[in-house]
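Spelled out, the chains give:
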Amino acid sequence: MSNTNSDEILSEEEIEENMEEVQEQESNEDEVAKKNIEKLEIENLKTQNDLLKQELADLNNKYLRLAAEYKNYQERSKKEKSSIRSYSLIEAVSAILPIIDDIERTLPSFAKAGEEYEKGLNMILKRTSEALKKLGVESFGEKGEEFNPSIHNASSKIESDENQDEDKETSTVISEVYQKGYKINEKLIRPAMVQVRD
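All of the points below concern the structure found in this document. Quick caveat: nothing in here was measured; it's all calculated off a predicted structure.

The description of two aromatic rings rests on the distance between their centres and on the angle between their planes. One pass over the full model with this rule turns up one aromatic pair. Directly above the ring of Phe 140 sits Lys 183, whose terminal nitrogen or CZ lies 5.5 Å from the centroid.

Okay, here's the thing in structure tokens:
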């Protein structure tokens, strides 16, 4: 009987060995569990990183579109301001031109009235012309210039002298200017009203 009891009873050494094996197994299981948890955390961080990268890309695209829209808005506003300024200037100059025309038409009659009157009108014309030049306004349409239908308005026509050589190339020339033309930076305000000679 003592033999069977001794078989069934483990020695202290065996118990310690079994305990060490159990502890080692538990330790291995804990390490595997820790590694699995770390893998899950890494995958979770990678997923969060990918989401943040996508969100950053979306925000960057929105920023770029907004910046482009703002730049287009600035350019459009600049063009509109320039257009409004140009239009306003044309309107203002157009209102002044009839006054200049009247002064130019009355100038020959003042020559008869007296030198002082003529001098005064010439000073007014000179100052007005200088002010218009500062605004970028140019007058055109002089006697002897070649007729250009895009900037001249022919109100009458006379035939050329018979004395001209037939061999010379003839062109339509301005023989009289009734009203000067004006333009701002190559933009026509008013065509010159002229008489032409063929």
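There's more to say after this.
Taken together, the side chains of Glu 12, Glu 13, Glu 14, Glu 16, Glu 17, Glu 20, Glu 21 and Glu 24 make up a negatively charged region of the molecular surface. Within the secondary structure, Glu 13 is located in helix α2 (residues 12–113).

Spatial strand order, β1-β4-β5: three strands in an open sheet with antiparallel pairing. Strands at the two margins of the open sheet, each flanked by one partner only, are β1 (137–140) and β5 (187–190). On average, adjacent strands in this sheet sit at an angle of 35° to one another, irrespective of strand direction. As paired elements, β1 and strand β4 (residues 181–184) share four bridges and run antiparallel to each other. Residue pairing across strands places Val 137 opposite Ile 184, the latter belonging to β4.

Strands sit in the order β2-β6-β3 across an open sheet of three strands; the sheet is mixed. Of all strands in the sheet, those bounded by a partner on one side alone are β2 (152–158) and β3 (173–179). In this sheet, neighbouring strand axes are inclined to one another by 30° on average, regardless of whether the strands run parallel or antiparallel. By the bridge criterion, six bridges tie β2 to strand β6 (residues 192–197) in an arrangement that is parallel. Paired with His 152 across the two strands is Ala 192, which belongs to β6.

With that settled, the discussion passes to the side chain of Lys 183. Mapped onto the elements, Lys 183 comes out in strand β4. Take Lys 183: its relative accessible area is 15%, and that puts it in the buried class. Every residue in contact with Lys 183, bar those within four places of it in the chain, is listed here: Gly 136, Val 137, Glu 138, Phe 140, Leu 188 and Ile 189.

The rules behind these values
Residues numbered from 1 in each chain as written. Predicted model: local features only at pLDDT ≥ 70, side-chain atom pairs only at ≥ 80, totals over all residues. Heavy atoms only, no water. Phe/Tyr/Trp six-rings, centres within 6.5 Å; stacked < 30°, edge-to-face > 60°. Lys NZ or Arg CZ within 6 Å of the ring centre and 35° of its normal. Patch = residues over 30% accessible without salt bridge, like charges linked within 9 Å, V, L, I, M, F, W, Y side chains within 5 Å. Areas by Shrake-Rupley, 256 points an atom, 1.4 Å probe, with all protein chains shown as cover. Salt bridge = Lys/Arg side-chain N within 4 Å of Asp/Glu carboxyl O. Lys, Arg positive; Asp, Glu negative; His and termini not counted. Charge placed at Lys NZ, Arg CZ, Asp CG, Glu CD. Helix = DSSP H or I, 4+ residues; strand = E, 2+ residues; numbered from the N terminus. Pairing = 2+ DSSP bridges. Axes fitted to C-alpha atoms, helices over the stretch in contact; angles between N-to-C directions. Buried < 20%, exposed > 50% of the residue type's maximum accessible area, 1.4 Å probe, protein only. Contact = heavy atoms within 4.5 Å.

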